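One letter stands for each residue in the lines below.
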Amino acid sequence: MGRLSVLIADGNPVVRAGLAAILGAAEDLDVIAQAADGREALSLTRRHAPDVILLDVRMPGVDGISALPHLVQLAPVLMLTYSREAEIICEALSLGAGGYLVHGEFTADDLVRAVRDAPLGRPHFTPTAASALLAELRASSHPQRGVAQSSERMHNSVVFGLSSREVEIMDLIASGMSNQRIAAACFISEKTVKNHINRIFAKLQSATRSEAIARWLGTARPGVSGHG
């Protein structure tokens, strides 16, 4: 696909410098501009026409969410932020963001891969964003039960006998997270994640991830064989 030009918009100059250093080390990525707020990001995007925009949520002046609808008309936008609130994540995605990465939940390689995939329309989400997206998807797919969603989730945990931590991990499994990413999201070791998963699978009477997800999301019931 050739070299990709990147614009970084973040209110923190130290964060901007760090991101520029990571991306600059990749042979096929060029950081062509850096912005301190949404207004400057829009101005620089019009001037430089980057292939990808990395956009923070909270910035002085015009914030990322306010600038997002205008920026996505000019280039693919990847949210890169410390903001973990589900409402903000869902709003950013509804406004056209092509992915959402929360600082502390991705590696340098993850970032480079996400930037390369952005122009191809391949979204990337870190665990916090994936969980928020999963919750929103569940609510929208069952609008008549949206208000009762938390009680239904509690009902599931009671039916299957899952602890609150196991419920959290099962939700991350259902969102498609790997053991490594689940460990990062929950601040536990991969070994602990595996131990939790073994107990979850036993309680859900499931032998595979897909079978456990089906039971958890209600497309299969305990006692119904899913093997084969």
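Draft legend 1. Structural detail: the overall build of the protein chain. Helix and strand counts for the protein chain come out as 11 helices and 6 strands. Out of the 228 residues belonging to the protein chain, those deemed buried represent 43%. Expressed as a percentage of contacts within the protein chain between residues at least 6 apart in sequence, the contacts between residues at least 24 apart total 60%. In the form shown here, the protein chain has an accessible surface area of approximately 11,500 Å², with 54% of it arising from carbon and sulfur atoms.

Draft legend 2. Examining the packing of aromatic side chains more closely. Under the counting rule described, the total for this entry stands at 1 aromatic pair. Where F160 meets W216, the ring centres are 6.1 Å apart and the plane angle is 45°; that geometry is what we call tilted. Taken as a pair, F160 in helix α7 (residues 149-160) and W216 in helix α11 (residues 209-216) lie far apart in primary sequence, 56 residues in all. Taken individually, F160 and W216 each receive the classification buried, so the pair is uniform in this respect.

Draft legend 3. Region of interest: the environment of F201. Relative to the helices and strands, F201 is located in helix α10 (residues 190-203). Each C-alpha atom of the pair F201 and I213 lies 9.8 Å from the other, and the pair is 12 residues apart in sequence.

Draft legend 4. Quick peek at the pattern of salt bridges. Under the defined criterion, the tally for this structure stands at 11 salt bridges. A salt bridge links E168 to R165, with the shortest nitrogen-to-oxygen separation between them at 2.9 Å. Taken as a pair, E168 and R165 lie in helix α8 (residues 164-174) at a separation of 3 residues, close to a single helical turn. A relative accessible area of 33% means that E168 is categorised as partly exposed. Using a relative accessible area of 28% as the deciding quantity, one classes R165 as partly exposed. Where R199 meets E166, a salt bridge forms, and the shortest distance between an N and an O atom there is 3.5 Å. Residue R199 is found in helix α10, and its partner E166 is found in helix α8; the two are separated by 33 residues along the sequence. Classification of R199 by relative accessible area gives partly exposed; the value is 41%. When salt bridges with common partners are traced through the structure, they connect D110, R113 and R181 into a single cluster.

Draft legend 5. Spatial organisation of α11. Buried residues of α11: E211, A212, R215 and W216, and no others. Down the axis of α11, the smallest arc covering the buried residues is 135°, so these residues share one side. The first or second residue beyond α11 is G218, which carries a positive phi of 90°.

Rules and cut-offs
- Residues numbered from 1 in each chain as written.
- Predicted model: local features only at pLDDT ≥ 70, side-chain atom pairs only at ≥ 80, totals over all residues.
- Heavy atoms only, no water.
- Helix = DSSP H or I, 4+ residues; strand = E, 2+ residues; numbered from the N terminus.
- Buried < 20%, exposed > 50% of the residue type's maximum accessible area, 1.4 Å probe, protein only.
- Contact = heavy atoms within 4.5 Å.
- Areas by Shrake-Rupley, 256 points an atom, 1.4 Å probe, with all protein chains shown as cover.
- Phe/Tyr/Trp six-rings, centres within 6.5 Å; stacked < 30°, edge-to-face > 60°.
- Salt bridge = Lys/Arg side-chain N within 4 Å of Asp/Glu carboxyl O.
- Arc of directions from axis to C-beta.

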